[in-house]
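Results of the structural survey
Here is what each chain is made of, one letter per residue.
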Amino acid sequence: MRALVLQHIACEPPGIYENVLRERGATIHRVELDEGEPLPDWHGFDVIVAMGGPMSVNDEADHPWLVDEKRLIADAVRAGTPFFGACLGVQLLVASLGGRVYPGHEPEVGLLPVFLTDAAVRDPLFAGLPRELLTLQWHGETFDLPAGALLLATSPVYPHQAFRWGRSAYGVQFHLEVSTEMARDWGKVPAYADTLESLLGLGSLARLIEDLDRRADELRGYGRRMFERWLDLGMVASPAGLR
């Protein structure tokens, strides 16, 4: 299995998803786009994973590499290459498919539930997961579903939390991959820390880390199940894998 990982800041690797890839013996080609690393030809990969970052998909003036990244995602997904995007990754999928990404009414930060739709109960990735699924949220933007998308999860503040497009392109606004150590590193990023403290107050990072420390294994367990199923689905659906 050849996996292309699109990463946008060093402290947001795929976490438990990367663990699963390595357990499956995958060859991982990681591109740090914020460091100016070039994008490869996507045709040579079985699956594509896009992770989070502090920038917006609309920040093309400050981050011109977003233009090529969105083009790559659009071409690969429309050709049937399995795609999994988390946080910024789901917003990149939306923008690549012609959907709108924009600021939410207020940031959504903390250990918060999302609610699976009826469609999710029958979905290959989400079937069997709790209908009220605990997640880590740390974002301030939301999106409209692209044409043809199937909504899989929602929340009161951000109705669009997860969706599937086609057979094997998935995006989730939330995090299930994060360890306590990763969250501590996120707290060192000024943009993340400012959002957290402006919404939840001084000392909120320590409280969030404490809460996550108690529930991280649970969240990562859900993330492992979901990602393993996506890889199983992807190896059947991937044009590269069928060659």
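Read on for a plain summary of the structure.

Helix and strand counts for the protein stand at 7 helices and 9 strands. Here the C-alpha atoms of the protein give a radius of gyration of 17 Å, agreeing with the 18 Å that 2.2 N^0.38 yields for 243 residues. Each principal axis of the C-alpha distribution contributes one length, and for the protein these read about 55 × 40 × 35 Å. Counting the 243 residues in the protein, one finds 54% classified as buried. Roughly 10,000 Å² of accessible area belongs to the protein as shown, and the carbon and sulfur atoms make up 52% of that amount. In the protein, the 22 positive side-chain charges and the 34 negative ones have mean positions that sit 7 Å from each other.

A few words on unusual backbone geometry. The backbone of C87 shows a phi angle near 60 degrees, a positive value even though the residue is not glycine. Checked against the element boundaries, C87 lands in the loop between β4 (83–86) and α3 (88–96). Under the relative-accessibility criterion, C87 is labelled buried at 7%.

Enumeration according to the criterion identifies 15 salt bridges in this entry. With a shortest N-O distance of 3.2 Å, R100 and D144 are connected by a salt bridge. With R100 in the loop between α3 and β5 (101–116) and D144 in the loop between β6 (132–143) and β7 (149–154), this residue pair connects regions lying 44 residues apart in the sequence. The exposure class assigned to R100 is partly exposed, which follows from its relative accessible area of 49%. Assessed through its relative accessible area of 27%, D144 is described here as partly exposed. A salt bridge links E218 to R215, with the nearest nitrogen and oxygen atoms 2.6 Å apart. Residue E218 and its partner R215 are both found in helix α7 (residues 204–237); the two are separated by 3 residues, about one turn of the helix. Residue class for R215 comes out partly exposed when judged on its relative accessible area of 34%.

Calculation rules
- Along each chain, the written sequence defines residue order, and numbers are assigned to residues from 1.
- The model is predicted, so local features are restricted to residues of pLDDT at least 70 and side-chain atom pairs to those at 80 or more, both for listing and for counting; the totals for chains, interfaces and linings are taken over all residues.
- Each side-chain value is worked out from all heavy atoms of the structure, with water and hydrogens disregarded.
- Strands here are runs of E lasting at least two residues and helices are runs of H or I lasting at least four, both read from the DSSP assignment and numbered beginning at the N terminus.
- Every radius of gyration here is taken over C-alpha atoms, with the globule rule written as 2.2 Å times N^0.38, N being the number of residues.
- Accessible area is worked out with a 1.4 Å probe on protein chains only. A residue is then buried under 20% of its type maximum, exposed over 50%, and partly exposed in between.
- We get accessible surface area from the Shrake-Rupley algorithm with a probe of 1.4 Å; when it comes to residues, only the shown protein chains can shield them.
- For this count, His and the chain ends are skipped, Lys and Arg are scored as positive, and Asp and Glu as negative.
- We put the charge of a Lys on NZ, of an Arg on CZ, of an Asp on CG and of a Glu on CD.
- The salt bridge definition used is simple: a Lys or Arg side-chain nitrogen within 4 Å of an Asp or Glu carboxyl oxygen.

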